[in-house]
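Here is how the chains run, residue by residue.
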Amino acid sequence: MNHHGKRLVNATTHDIRRDCLVMATPSSTSSIDKEDAKESEEKSDVYSTNMTEAMGAVLTYRHELGMNYDFITPDLIVGSCLQTPADVDKLRSIGVKTIYCLQQDSDLEYFSVDIGAIREYASTFDDIQHLRAEIRDFDAYDLRLRLPYVVSKLHKAVNRNGGITYIHCTAGLGRAPATALAYMFWAQGYKLKDAITLLLSKRPCFPKVDAIKSATADILTGLKKKPVTLTWKGNGYSTVEIAGLDIGWGQRIPLKYDENQGSWNLHRDLPEGRYEYKYIVDGAWVTNEYELLTPANKEGQINNYIQVSDNDPESVSSALWERLGADDFDLTANEQEIVRKFLDDCPDDTSVCRY
């Protein structure tokens, strides 16, 4: 799947949205305000398109319409980002005690959100706390690595502050629901399948369940890594790169050319799990027919993939990863105890808790 490139959605749809917005705008609104609204719409269009491509599901976020959210349980809300300090007042009015922001600075800058002003305003109250724990957008591997620390920090905040917790990323459709799901599964005792059903019944979203399962295995077994080699054969190329894998679709790793073998090679240590990737050969996105291929998705796109696992089929790690593949995967009582102890003991230092 070619996940690079950003584009606007259909111009006709955009014109309809723009016209509706202008019709609803008072005549006294300045041309500067209209230009700001237009720019916000265009940014929402681009963001929604990129989100749909990266997440593999049709998802839409309209930043210009303001904050939106849903109660998943009586004390847990998943929503989109706060946009102004006034949104803090909105959340206080419904009993929110903890605001948990998962956005990176680049996410906030894209929509011109002044996070400093929001945090400063929240700090003037003693009945609400604003916390941050950054996860890279559209990156399932980063989500996997960060979730144990992120959920540990959330777990401690909820125990400390009580009341209602508001978890948000940018749109509230990927990182935030995944964090809420992992919290329900690890800390609140929900069976994973039940938590997924409840979450999706309350908010249409697309949490990366495989990332949550992989993060669960990481907590239980440690982040075991295995050496792998990926190869593109041929000597008539200028550059060969790989996207996806453990770096996400927005980045690329260059392969090194081996003159003796006449091939381009990538040697990398990867944690156990399944990774999709694609080659970029002289700028063209292609699959390698000599490596494992995914089935075509609904758009006919195919990627390469690799499954990294313990070579010993009798190991505890292998048995756990085999269980992870089941739709009804759940934790044993002993595993629940290990996970909850991890959440309690994990230090707030992100560098320590990111393995």
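An account of the accompanying structure is given in this report. In this text the structure is predicted, and so the values were computed from the model without any measurement.

**Focus: empty space enclosed by the protein**
For the structure on display, the rule yields 2 cavities of 30 Å³ or more. In this structure, the largest cavity occupies an estimated 40 Å³ of space. In terms of residue class, the lining of the largest cavity is made up of 3 nonpolar, 3 polar and 1 charged. Within this model, the second largest cavity holds a volume of roughly 30 Å³. Lining of the second largest cavity is provided by Tyr-47, Met-51, Asp-137, Phe-138, Cys-169, Ala-171, Leu-173, Gly-174 and Arg-175. Classifying every residue of the lining of the second largest cavity by side-chain character gives 6 nonpolar, 1 polar and 2 charged.

**Digging into the sheet that holds strand β3 (residues 96-101)**
Here we have 5 strands laid out as an open sheet, ordered β1-β2-β5-β3-β4, and mixed in their pairing. Strand pairing shows two members of the sheet lacking a second neighbour, β1 (69-73) and β4 (129-132), which therefore form its edges. Along the sheet, successive strands turn relative to each other by an average axial angle of 25 degrees, direction set aside. In this sheet, strand β5 (residues 164-168) lies alongside β3 in parallel orientation, the contact comprising 5 bridges. Bridge pairing in β5 places Tyr-100 opposite Ile-167.

**Structural notes on the packing of aromatic side chains**
Scanning the model with the defined rule gives 13 aromatic pairs in all. Between Tyr-121 and Phe-125, the ring centres sit 5.1 Å apart and the planes meet at 85 degrees, which makes this aromatic pair edge-to-face. Look at Tyr-121 and you get partly exposed, because its relative accessible area is 28%. In textbook terms, an aromatic cluster arises when at least three aromatic residues are bridged by ring pairs, as seen for Tyr-47, Tyr-61, Tyr-110, Phe-111 and Phe-138. For the cation-ring pair, Lys-43 lies above Tyr-110, with the distance from its terminal atom to the ring centre recorded as 5.5 Å. Over the ring of Tyr-290 we find Lys-233; its NZ or CZ atom is 5.5 Å from the centre of that ring.

**Some points on helix α7 (residues 175-186)**
The terminal C-alpha atoms of α7 lie 16 Å apart, and with 12 residues this matches the ideal 16 Å at 1.5 Å per residue to within 8%. Here α7 lies mainly inside the structure; 12 of its 12 residues are buried. Taken together, the buried positions of α7 are occupied by Arg-175, Ala-176, Pro-177, Ala-178, Thr-179, Ala-180, Leu-181, Ala-182, Tyr-183, Met-184, Phe-185 and Trp-186.

**Quick notes on the pattern of salt bridges**
Throughout the structure, instances matching the rule amount to 18 salt bridges. For Glu-241, the salt bridge is made with Arg-252, and the minimal N-O distance between the two is 3.2 Å. Residue Glu-241 is located in strand β7 (residues 240-244), and its partner Arg-252 is located in strand β8 (residues 248-254); the two are separated by 11 residues in the primary sequence. For Arg-252, a relative accessible area of 38% puts it in the partly exposed group. In this structure, Lys-341 and Asp-345 form a salt bridge, with 2.6 Å as the shortest nitrogen-oxygen distance. Of this pair, Lys-341 and Asp-345 both sit in helix α11 (residues 333-345), 4 residues apart, roughly one helical turn. Its relative accessible area of 52% is what places Lys-341 among the exposed residues.

**Description of the sheet that holds strand β9 (residues 256-258)**
Strand order in the open sheet formed by 3 strands is β6-β10-β9, and the pairing between neighbours is antiparallel. The open sheet is flanked by β6 (225-233) and β9, the only strands paired with a single partner. The average angle at which neighbouring strand axes cross in this sheet is 35 degrees, direction not considered.

**Quick look at the environment of Lys-256**
Looking at where Lys-256 falls in the secondary structure, it is placed in strand β9. The exposure class of Lys-256 is exposed, given its relative accessible area of 66%. Taking the C-alpha atoms as reference points, Lys-256 and Glu-241, 15 residues apart in sequence, are found 9.0 Å from one another. The contacts of Lys-256, once residues within four sequence positions are left out, are Ser-263, Trp-264 and Asn-265.

**Some remarks on the nonpolar core**
If you look at the biggest cluster of nonpolar residues, it comprises 69 residues, and the most contacted ones within it are Leu-102 and Trp-186. Considering each element in turn, this core owes the most residues, 9 residues, to α7. The residues contacting Leu-102, other than those within four sequence positions of it, are Ala-133, Glu-134, Ile-135, Val-150, Ile-167, His-168, Cys-169, Arg-175, Ala-176 and Thr-179. Ranked by size, the runner-up nonpolar core spans 21 residues in total, among them Leu-223, Ile-242, Leu-245 and Leu-266.

**Focus on the environment of Gln-336**
On the secondary structure map, Gln-336 appears in helix α11. With a relative accessible area of 24%, Gln-336 lands in the partly exposed category. Sequence separation between Gln-336 and Leu-220 is 116 residues, and the spatial gap between their C-alpha atoms is 9.4 Å.

Here is what the cut-offs are and how they apply
Residues numbered from 1 in each chain as written. Predicted model: local features only at pLDDT ≥ 70, side-chain atom pairs only at ≥ 80, totals over all residues. Heavy atoms only, no water. 1 Å grid on protein atoms, 1.4 Å probe; cavity = no way out; pocket = protein on both sides within 12 Å on 5 of 7 lines; lining within 4 Å. Points joined across faces, edges and corners; volume = space filled by probe spheres on them. Nonpolar A, V, L, I, M, F, W, Y, C, P; charged D, E, K, R; others polar. Pairing = 2+ DSSP bridges. Helix = DSSP H or I, 4+ residues; strand = E, 2+ residues; numbered from the N terminus. Axes fitted to C-alpha atoms, helices over the stretch in contact; angles between N-to-C directions. Phe/Tyr/Trp six-rings, centres within 6.5 Å; stacked < 30°, edge-to-face > 60°. Buried < 20%, exposed > 50% of the residue type's maximum accessible area, 1.4 Å probe, protein only. Lys NZ or Arg CZ within 6 Å of the ring centre and 35° of its normal. Expected span 1.5 Å × (residues − 1). Salt bridge = Lys/Arg side-chain N within 4 Å of Asp/Glu carboxyl O. Contact = heavy atoms within 4.5 Å. Core = buried A, V, L, I, M, F, W, Y, C linked by side-chain atoms within 4.5 Å.

Spatial relationships are all this shows, so hold off on functional conclusions.
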